[in-house]
Each structure stands twice: as structure tokens, then as C-alpha cells.
Amino acid sequence: MTAPATSFWRIAGMTYLQYANRAAGSVRAALKEPLKSKLAAEGQFSYKASVWEGGVQGPKVEITSLEQAGKAV
Amino acid sequence: MLSRSAMLARKVLPRSLARTFSTEAATAEATSVTLNLSVPYESIYNGAAVDSVIIPGTEGEYGITVNHVPYVAQMKPGVLQVLFEGADPEKYFVAGGFAVTHANSVTDVVCVEAVKLDDIDPSAVTSNYEAAKSAYGAATAGSVEQAEAMIDMEVNKAMGLAIGLTLA
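Residues numbered from 1 in each chain as written. Chains lettered and ligands numbered in written order. Predicted model: local features only at pLDDT ≥ 70, side-chain atom pairs only at ≥ 80, totals over all residues. Heavy atoms only, no water.

Turning our eyes to something else, we now look at the overall build of chain A. Tallying secondary structure elements over chain A gives four helices and four strands in all. Reading the secondary structure of chain A in the N-to-C direction produces α-α-α-β-β-β-β-α. Along the first, second and third principal axes, the C-alpha atoms of chain A reach 50 × 45 × 10 Å. Looking at chain A as a whole, 26% of its 73 residues qualify as buried. The positive charge centre, built from 9 side chains, and the negative charge centre, built from 5, are 6 Å apart in chain A. (Helix = DSSP H or I, 4+ residues; strand = E, 2+ residues; numbered from the N terminus. Buried < 20%, exposed > 50% of the residue type's maximum accessible area, 1.4 Å probe, protein only. Lys, Arg positive; Asp, Glu negative; His and termini not counted. Charge placed at Lys NZ, Arg CZ, Asp CG, Glu CD.)

Facing the 22 residues of chain A at the interface are 30 residues of chain B. When the two sides are added together, the surface that chain A and chain B hide from each other amounts to roughly 2200 Å², 64% of it contributed by carbon and sulfur. Considering only the side of chain A, the residues that lose the most area to chain B are A:Phe8, A:Arg22 and A:Val27, jointly responsible for 23% of the buried surface there. In this assembly, chain A and chain B are joined by three salt bridges. (Contact = heavy atoms within 4.5 Å. Buried area = accessible area lost by both parts, 1.4 Å probe. Salt bridge = Lys/Arg side-chain N within 4 Å of Asp/Glu carboxyl O.)

Residue and element names in this part refer to chain B. Burial runs high along strand S6 (residues 78–83): five of the six residues are buried. Both strand S3 (residues 52–57) and S6 contribute to a ladder of three bridges, which runs antiparallel. Within S6, the position partnered with Ser 52 by the bridge is Leu 83. In this sheet, strand S7 (residues 90–94) lies alongside S6 in antiparallel orientation, the contact comprising five bridges. Counterpart to Val 82 in the pairing with S7 is Glu 90. (Pairing = 2+ DSSP bridges.)

A few words now on the packing of aromatic side chains. In this structure the tally under the stated criterion is eight aromatic pairs over all chains. Ring plane angle 85 degrees and centroid distance 6.0 Å describe the contact between B:Tyr45 and B:Tyr92, whose orientation is recorded as edge-to-face. Here B:Tyr45 is found in strand S2 (residues 42–50), whereas its partner B:Tyr92 is found in strand S7, with 47 residues between them in sequence. Pairing B:Tyr62 with B:Tyr71 gives two aromatic rings, centres 4.7 Å apart and planes at 50 degrees, and the pair type is tilted. Using a relative accessible area of 36% as the deciding quantity, one classes B:Tyr71 as partly exposed. An aromatic cluster is present here, built from A:Trp9, A:Tyr16, A:Tyr19 and B:Phe98 joined pairwise through their rings. (Phe/Tyr/Trp six-rings, centres within 6.5 Å; stacked < 30°, edge-to-face > 60°.)

Residues and elements named next belong to chain B. In terms of strand pairing, strand S1 (residues 33–39) meets S2 through seven bridges, oriented antiparallel. If you follow Val 39 over to S2, its bridge partner there is Glu 42. Count of turn residues in the S1/S2 antiparallel hairpin: two residues.

On average, residues of chain A carry a pLDDT of 90, and 95% of them reach 70 or more. The weakest mean pLDDT in chain A belongs to helix H4 (residues 66–70) of chain A at 87; the strongest belongs to strand S3 (residues 56–57) of chain A at 96. (pLDDT = per-residue confidence, 0-100.)

Turning to the pattern of salt bridges, a few remarks are in order. This model, assessed by the stated rule, comprises four salt bridges over all chains. For A:Arg22, the salt bridge identified is with B:Asp152, shortest N-O distance 2.7 Å. In this pair, A:Arg22 is assigned in helix H2 (residues 16–29) and B:Asp152 in helix H3 (residues 144–163), connecting two distinct chains. The class of A:Arg22 is partly exposed, set by a relative accessible area of 31%. Taking relative accessible area as the criterion, B:Asp152 reaches 14% and is therefore assigned buried. Residues B:Glu113 and A:Arg28 are paired through a salt bridge, measuring 2.6 Å at the closest nitrogen-oxygen approach. With B:Glu113 in the loop between strand S9 (106–111) and strand S10 (114–116) and A:Arg28 in helix H2, the pair connects residues from two separate chains.

This is the structure:
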């Protein structure tokens, strides 16, 4: 049986960033207490983005996950 | 063929000061691996002179010593070891990332998360592994949920291996 040409996560539709951040989240979930609370917020982020069309700024949307970030807002 | 000025320089100046073509210039040899290990929120090692680094590449574990051939590798979830002369290795569990070794023995290792093995909780690893295993079984084949469960399983299994647990 030959190995697949690409990774299982790529085949399922995930990007490398989603894979790497999920793996980091798994590590954080298995830490001992003082460090676990300290790093709990590391995987979280949020920013607002909008699409410009024809020189006009569209409505701002808050992005809080990589899945959302990958879409064209 | 050297230029006249270079040939003159060779006669007059000591050999080390004679002008040579750039391809002939000897590259300065590094004396140790210069390690830059960083995660997004912290620079764990910044320009540290180390003996060698053992990196968990996706295609196998490999070690970088001084004057190693330049190398780029993706890392799998596993243990990164930093070896200093005459001291115990410093071990970090990395969640994946990349390791680049340059010609001058500067090694850049970047990862999303790197923790010391002592900070890993064995009971959490076991329970997270079991939870991921059942999530994997419950998810539809080829879905993102199954891939996420697979990632959790892979990482917890690697953490278990690093701290001495065997997870099936």
C-alpha cells in the first residue's frame, strides 16, 4: 500500500495553519495547572476585516477563527 | 588568471592578505550551533551557542551539529533536544513547526507551542487521547472533525511517548 500523496488533514480540507494551531491547542489542553491557565488564551485571536469593492469599504466582520479567516470575509 | 595587482599583492603581502577571487575566499567556520528557538509569544533561545540540537522531523529525527549541511525540515509533534557540552539535554515538546539550518550553523526552529516535558500532565494526556479516539470513531470518514480528532490523537500519543506513557 503506497503512502498518500498528501497529509490526512489536507485531504480533509484543512490548511497547514489550522493543523499546526490545532496541534498546539492539543498540547495546551494537556498541561499542568499554572502553565495551562497562563497559556490558555494563546490560541485565541480576533480582528475585524472588511472587503473593499469599487473603492467602497464593505461592512466590518469580526474574525475569530482560522476557518473564518480563510474565507473572503 | 589573476590580475596584475593581485599577482603583485601575492609577492608583496603575506598570503593571507593577498587579494583573491571571491570564490577562493575561505568561509569562516562556525564554532558552535547558534540556536534560535521561538514560539509566537516567547523567544526560548535567542542566539544561544549550543553543542547540538536534535529535531523531530516529519521524515525522521535528526541532529544538527556545528558545520552541518544546510537543512530545512518540517517538524512533527515530538521532542526537541538541545544539547550543551557536559550538561543534561534540555527537552521541549514541540507541537510541530519548521527547523532551518543555515550554512553558518545558525539554526532557526519555529513552532506554535513548545513546552518542557515536566509541564505535561500524564492523566490529562491519557484522558484527552481516549476522548480523541472516541471522537475519531464517531466522526464521518474524511470530515474535518475526523481530521481534528486524528490530530488530537497524534499529538497526545506523541506527548505520551515523550513522558513515558504508552497509548494504544
